[in-house]
Amino acid sequence: MDDVRAILGDLPRPLRWGVIAGFVAGVLGAVAGLVLGLLAHPATAWFAVLEVGVPAAAVGGLLGLLAGSLVTATSRLRHAG
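The structure displayed is predicted, hence computed values, not measured ones.

Draft legend 1. Layout of the side chain of Thr72. Position of Thr72 relative to the elements: it lies in helix H3 (residues 45–80). Residues in contact with Thr72, not counting those within four places in the same chain, are Arg13 and Pro14.

This is the structure in structure tokens:
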């Protein structure tokens, strides 16, 4: 756990937020895909994990990157003025 904190701590805030949000969204999307896949067709449920998890991770990463950028920009504007 300390290794993860050390690696993420070295990243700029927008990138750090993007990585964390992408990971969380990807895991949640993969779980949702698994449940939906098991309900639809259990033999191909693992493909649903990828079909839902990968786009969820991409969207989560982009939203995290955007949120981190907004927080960084807002923080810099407050300290500048």
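Draft legend 2. Representation of H3 within the structure. If you check H3, its first and last C-alpha atoms are 52 Å apart, about what 36 residues at 1.5 Å a residue would give, namely 52 Å. Of all the residues in H3, the buried ones are Ala45, Ala48, Val49, Gly53, Gly60, Gly61, Gly64, Gly68 and Thr72. On its buried face, H3 is in contact with helix H2 (13–40).

Draft legend 3. Summary view of H2. Compared with the 40 Å implied by 1.5 Å per residue over 28 residues, the 39 Å span of H2 between its first and last C-alpha is a close match. Of all the residues in H2, the buried ones are Pro14, Gly18, Gly22, Ala25, Gly26, Gly29, Gly33 and Gly37. Looking at the buried side of H2, the elements it contacts are H3.

Draft legend 4. Spatial organisation of the packing of H2 against H3. The contact between H2 and H3 brings their axes to 5 Å, and the two run at 155 degrees. Between H2 and H3, the interaxial angle falls into the category roughly antiparallel. As for the relative orientation of H2 and H3, their crossing is right-handed in sense. Residues of the contact of H2 with H3, tallied by class, amount to 18 nonpolar, 14 polar and 1 charged.

Draft legend 5. Just the environment of Ala21, in detail. Position of Ala21 among the secondary structure elements: in helix H2. Assessed through its relative accessible area of 24%, Ala21 is described here as partly exposed. Along the primary structure Ala21 and Trp46 are separated by 25 residues, whereas in three dimensions their C-alpha atoms are 22 Å apart. Contacts of Ala21, omitting those with residues within four sequence positions, involve Gly60, Gly61 and Gly64.

Rules behind the numbers
Residues numbered from 1 in each chain as written. Predicted model: local features only at pLDDT ≥ 70, side-chain atom pairs only at ≥ 80, totals over all residues. Heavy atoms only, no water. Helix = DSSP H or I, 4+ residues; strand = E, 2+ residues; numbered from the N terminus. Contact = heavy atoms within 4.5 Å. Expected span 1.5 Å × (residues − 1). Buried < 20%, exposed > 50% of the residue type's maximum accessible area, 1.4 Å probe, protein only. Axes fitted to C-alpha atoms, helices over the stretch in contact; angles between N-to-C directions. Parallel < 35°, antiparallel > 145°, perpendicular 65-115°, else oblique. Left-handed = near helix turned anticlockwise from the far one by under 90°. Nonpolar A, V, L, I, M, F, W, Y, C, P; charged D, E, K, R; others polar.

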